[in-house]
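Okay, here's what each chain looks like letter by letter:
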Amino acid sequence: MAYKILDTCISCGACAADCPVSCISQGDTIYVVDAAACIDCGTCASVCPVGAPVQE
Ligand code: SF4
Ligand code: SF4
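Here the structure is a predicted model, which means the values were calculated and not measured. (Residues numbered from 1 in each chain as written. Chains lettered and ligands numbered in written order. Predicted model: local features only at pLDDT ≥ 70, side-chain atom pairs only at ≥ 80, totals over all residues. Heavy atoms only, no water.)

Chemist: Looking at this model, I keep getting lost on the site of ligand 1. Mind explaining?
Modeler: As a matter of local geometry, ligand 1 sits amid 14 residues, with C19, C38, C41, G42 and C44 nearest to it. A per-class count over the shell around ligand 1 returns eleven nonpolar, two polar and one charged. (Near = heavy atom within 4 Å. Nonpolar A, V, L, I, M, F, W, Y, C, P; charged D, E, K, R; others polar.)

Encoded structure:
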């Protein structure tokens, strides 16, 4: 299952910079994951300072 980003995201950009398949981008209010491209590596959850990325 892909990861998704909760609305607790503070838009720091750390996850987008470290995602190995570059499937995270800045949305209107928070960062968002392209679920079809996510390889479920968990890197975003590891680098996020507020724990916003979670496995769906
Ligand atoms: Fe990117 Fe990995 Fe997070 Fe999926 S789990 S969005 S591939 S960093
Ligand atoms: Fe949002 Fe966390 Fe990604 Fe920063 S690392 S943009 S707070 S999900």
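Chemist: In this structure, what is going on with the site of ligand 2? I would like to understand it.
Modeler: Around ligand 2 there are 14 residues in total, and C9, C12, G13, C15 and C48 lie nearest to it. Tallied by class, residues from the shell around ligand 2 come to twelve nonpolar, two polar and no charged.

Chemist: Just to check I follow, could you spell out unusual backbone geometry for this structure?
Modeler: Note: most residues except glycine have negative phi, and most peptide bonds are trans. With phi around 55 degrees, S11 is a residue other than glycine that occupies positive phi space. Secondary-structure assignment places S11 in the loop between β1 (3–5) and α1 (14–18). One non-glycine residue, S22, adopts positive backbone phi at about 50 degrees. The topology assignment puts S22 in the loop between α1 and β2 (24–26). (Helix = DSSP H or I, 4+ residues; strand = E, 2+ residues; numbered from the N terminus.)

Chemist: Please clarify how the environment of G27 should be interpreted in this entry.
Modeler: Tracing the backbone shows G27 in the loop between β2 and β3 (31–33). Taking the C-alpha atoms as reference points, G27 and S11, separated by 16 residues in sequence, lie 9.1 Å from one another.

Chemist: What exactly am I supposed to notice about the environment of I30 here?
Modeler: With respect to the secondary-structure elements, I30 resides in the loop between β2 and β3. Sequence separation between I30 and D7 is 23 residues, and the spatial gap between their C-alpha atoms is 6.6 Å. Residues contacting I30, with those up to four places away along its chain left out, are I5, L6, D7, C9, S11 and S25. (Contact = heavy atoms within 4.5 Å.)

Chemist: Is there a simple way to think about the environment of T43 in this case?
Modeler: By secondary structure assignment, the location of T43 is in helix α2 (residues 43–47). Given the relative accessible area of 25%, T43 is considered partly exposed. In this structure, the C-alpha to C-alpha distance between T43 and L6, residues 37 residues apart in sequence, is 15 Å. Here T43 is in contact with D18 and P20, once residues within four sequence places are set aside. (Buried < 20%, exposed > 50% of the residue type's maximum accessible area, 1.4 Å probe, protein only.)

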